[in-house]
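Coordinate inspection notes
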Amino acid sequence: MATTSAPEAAVGTHDTFPINGTDYIEFFVGNARQSSMFYRAAFGFQLIGYRGPETGVRDRASYLLQQDKIRMVLTSPLGPDGFIAEHVRKHGDGVRDLAFWVDDARDAWTKAVERGATSVQEPQVHTDEHGEVVIAAIATYGDTIHSIVERRNYHGLFLPGFVPVSSQFQSSPIGLKYVDHCVGNVELGRMNEWVSFYERVLGFHNLLTFDDKDISTEYSALMSKVMSNGNGRIKFPINEPASGKKKSQIEEYLDFYGGPGVQHIAVATDDIISTVSALQARGVEFLRTPTTYYLELQDRVGAIDEPLEELERLGILVDRDDEGYLLQIFTRPVQDRPTLFFEIIQRKGAKGFGKGNFKALFESIEREQELRGNL
Ligand code: FE2
């Protein structure tokens, strides 16, 4: 039964403050130096900046990676104390900050807090010889935050404190272009709380809703609501577990992450076949798609530009909606805890999230969950 619903939303009229896009995603990890090597060698990011003891920051080391419009910061604590070390102890490697790029951080923070956001950082001005950046932050689910970054008076590399790095090792980019969406997992019964947080505090609207009839297998289920800002550059699906015969993949995440957090980051490419070929050649592991998936694919999605045998060889999934189709594939978790993973997505008109693939995808996730003894 089709239960997906797209509530009517006056797109762009409700934003509490305008968001230009994702400014950066910061990960707290156990060993940022080594993580940076993984994202460079395997995912084709360039190391372009660094902040740490050598640049006057005593408690942490941060590596700034970039590929096209995607900026990732990998940060490790340098000792056992403090909130970064605590975050890593509790959550393992994971996403700390989904940062918003705004034109006026003071105004954005003030409005968000007036509407009920919990402040993590009052607006602070950071300066160096390249100008000033204003950064504030608000809390979202779990220990995750949204920094609010104003950089209109800054002409430096990234943020004050970061110095440019030019490494002799440069892996070639693999066509990752921008962050398409970032998905959060929250506890059973709390999805609507966070949906209302994004509505009330940030003025986002509910783009799509998937209930447990859309997203269920024989064993487990989840529910999801996609929240979007007015210009559509920020899209946050929020998942909660739904009851099934066995443990939902969302519950497994919550157990191993130690609470709510970012489940996956979807990054867009214009050529998923070449991007995924490169990722696989460099050792990135993806969820396996059952070969039976491809037997029915042509009937389900109709004519597509890509050769089916290439898609099958790489395990790429396809889904079609009213406006076009999309191709997508999901990595296995990128750390030992079964928590964060990445999605590679190519949109050819479709604005959805691959609803037609949920069943095949979740059966694949459950095979892995079972191997871990967590189903
Ligand atoms: Fe996704």
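Quick caveat, the model's predicted, so the values are computed rather than measured.

1. What to know about the confidence of the model for the protein chain
The pLDDT averaged across the protein chain works out to 92; a share of 95% of its residues lies at or above 70. Ignoring residues within four places in sequence, the model shows residues 1-11, a span with pLDDT below 50, making 23 contacts including any to other chains.

2. A look at the coordination of the iron ion
Reference values for angles at a metal are 109.5 degrees in the four-donor tetrahedral case and 90 or 180 degrees in the six-donor octahedral case. Protein coordination of the iron ion is provided by H181 (NE2), H264 (NE2) and E343 (OE), with donor distances spanning 2.0 to 2.2 Å. All donors of the iron ion come from a single chain, and their spacing in sequence reads H-x82-H-x78-E. A residue pair is termed long-range when its members are at least 10 positions apart, and H264 in strand β14 (residues 261-269) and E343 in strand β17 (residues 341-348) qualify at 79 residues. Just as H264 is buried, E343 falls in that class too.

3. Brief notes about the packing of aromatic side chains
Geometrically, a pair of aromatic rings is defined through the distance of the ring centres and the angle of the planes. Going through the model one piece at a time under the given rule, you end up with 21 aromatic pairs. Judged by centre distance (5.6 Å) and plane angle (25°), the rings of Y198 and F204 are stacked. Looking at Y198, the relative accessible area reads 0%, which means it is buried. Look at F204 and you get buried, because its relative accessible area is 4%. Looking at R347, its charged tip hangs above the ring of F353, at a distance of 5.4 Å from the centre.

4. Comments concerning the nonpolar core
Counting residues in hydrophobic clusters, the biggest one holds 92 residues, and the most contacted among them are F27, F100, I148 and I265. A domain split of this core shows at least three residues from each of domain 1 (21-164) and domain 2 (176-372). Counting twelve residues, the second largest nonpolar core, distinct from the first, contains I48, L64, V149 and F158.

5. Observations regarding the domain arrangement of the protein chain
Taken domain by domain, the protein chain holds domain 1 (21-164) and domain 2 (176-372). The distance between the C-alpha centroids of domain 1 and domain 2 comes to 25 Å. Taken together, the contact between domain 1 and domain 2 spans 40 residues of the former and 37 residues of the latter. Summed over both partners, the interface of domain 1 with domain 2 buries about 3000 Å², with 67% contributed by carbon and sulfur atoms. Connecting domain 1 to domain 2 are one salt bridge. The residue K177 makes a salt bridge to D68 at a minimum N-O spacing of 3.5 Å. Counting the contacts that link domain 1 with domain 2 gives eleven residue pairs in polar contact (both at pLDDT 80 or more). Those elements that place two or more of their residues in the side of domain 1 that touches domain 2 are β1 (21-28), α1 (32-41), β4 (70-77), α2 (83-91), β5 (94-102) and β7 (131-139).

Reading the values: rules and limits
- Residues numbered from 1 in each chain as written.
- Predicted model: local features only at pLDDT ≥ 70, side-chain atom pairs only at ≥ 80, totals over all residues.
- Heavy atoms only, no water.
- pLDDT = per-residue confidence, 0-100.
- Contact = heavy atoms within 4.5 Å.
- Donors = N, O, S within 2.8 Å, 3.2 Å for Na, K, Ca; no water.
- Helix = DSSP H or I, 4+ residues; strand = E, 2+ residues; numbered from the N terminus.
- Buried < 20%, exposed > 50% of the residue type's maximum accessible area, 1.4 Å probe, protein only.
- Phe/Tyr/Trp six-rings, centres within 6.5 Å; stacked < 30°, edge-to-face > 60°.
- Lys NZ or Arg CZ within 6 Å of the ring centre and 35° of its normal.
- Core = buried A, V, L, I, M, F, W, Y, C linked by side-chain atoms within 4.5 Å.
- Domains from an automatic or database assignment.
- Buried area = accessible area lost by both parts, 1.4 Å probe.
- Salt bridge = Lys/Arg side-chain N within 4 Å of Asp/Glu carboxyl O.
- Polar contact = N/O pair within 3.5 Å; in protein donor to acceptor, adjacent residues only side chain to side chain.

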